[in-house]
Amino acid sequence: MFEDIIKSFKEEFSVEPSIPKNTEIFNDSLILMSEELKNLKLKNGQIFSKGLIIFKKKAFSYLIDFNRKKLTNYLVLNEKSSFLFTCNRIIFQKGVNELKGKGPNFIVLNEKSEILGIAVREKTGLKNKVNIGYYLNQDRMKEPVF
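Residues numbered from 1 in each chain as written. Predicted model: local features only at pLDDT ≥ 70, side-chain atom pairs only at ≥ 80, totals over all residues. Heavy atoms only, no water.

Draft legend 1. Structural context of the layout of surface pockets. Counted as a void, the second largest pocket has a volume near 170 Å³. Around the second largest pocket, the lining residues are Leu-77, Asn-78, Lys-80, Ser-81, Leu-84, Phe-85, Arg-89, Ile-90, Ile-91, Phe-92, Lys-94 and Gly-95. Counting residues per element, the lining of the second largest pocket draws most heavily on helix 4 (residues 79-86), at four residues. For the lining of the second largest pocket, the residue count by class is six nonpolar, three polar and three charged. (1 Å grid on protein atoms, 1.4 Å probe; cavity = no way out; pocket = protein on both sides within 12 Å on 5 of 7 lines; lining within 4 Å. Points joined across faces, edges and corners; volume = space filled by probe spheres on them. Helix = DSSP H or I, 4+ residues; strand = E, 2+ residues; numbered from the N terminus. Nonpolar A, V, L, I, M, F, W, Y, C, P; charged D, E, K, R; others polar.)

Printed below as a string of C-alpha cells:
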C-alpha cells in the first residue's frame, strides 16, 4: 500500500512524499493516529474508523501540507479569486498572484499560504480539480474528497 501511495503522489506532484511517523494502513486508507488509537482494541465489536485519513485513492490536504516544502508546483490566488476557487469556479490569470512550476497539477494557495485545493493545467488554462469548497456541498458528502 505504501508503494501505491508514493507512486500516486509522485504522479500527481512530481515528488516523492514524506509519510508522517504515526501512520497506519486501515480500511484501504493511510491513517494518521496517536499511539492510544493505534493500540485501541475492543472487547466486543469491530472498529470502523480511527484517526485522520490522509490518503485514500488520492492525497488529502494534510499529506499535501506535510510535504509542502518539497512541492514546486503551486499558485497563489488573490482574495477574490480564492473565494471563487472554493466555489468551484475557473481560475483566471488576472487572479493569480504567483505561479511556480510546470504542472500538470498545482497546489492552490491563498495569500495567507493556506491550501485551498488542487488545480490542473489543461489546454484551455488552469482548471479547478478539487478544493475545500467540496465540504460545503451537501450532495458530495458521501466520502472525503480533499
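From this point, the discussion proceeds with the structure in view.
Draft legend 2. A look at a nonpolar patch on the surface. Together, Met-1, Phe-2 and Ile-25 make up a nonpolar patch on the protein surface, roughly 210 Å² of accessible area in all. Along the chain, the position of Ile-25 falls in strand 1 (residues 23-26). (Patch = residues over 30% accessible without salt bridge, like charges linked within 9 Å, V, L, I, M, F, W, Y side chains within 5 Å. Areas by Shrake-Rupley, 256 points an atom, 1.4 Å probe, with all protein chains shown as cover. Salt bridge = Lys/Arg side-chain N within 4 Å of Asp/Glu carboxyl O.)

Draft legend 3. Representation of the nonpolar core. Formed by 18 residues in total, the largest nonpolar core has its most connected members in Phe-9, Phe-13, Leu-63, Ile-64, Leu-71 and Ile-107. Of all the secondary-structure elements, those providing two or more residues to this core are helix 1 (2-13), strand 2 (29-32), strand 3 (52-56), helix 3 (61-66), strand 7 (105-109) and strand 8 (115-122). At three residues, the largest contribution of residues to this core is made by helix 1. If we ignore the near neighbours within four places in the chain, the residues touching Leu-63 are Ile-5, Phe-9, Ser-18, Pro-20, Ile-54 and Phe-55. Core analysis: the second largest hydrophobic core is formed by 10 residues, Leu-75, Ile-91, Val-108 and Ala-119 among them. (Core = buried A, V, L, I, M, F, W, Y, C linked by side-chain atoms within 4.5 Å. Buried < 20%, exposed > 50% of the residue type's maximum accessible area, 1.4 Å probe, protein only. Contact = heavy atoms within 4.5 Å.)

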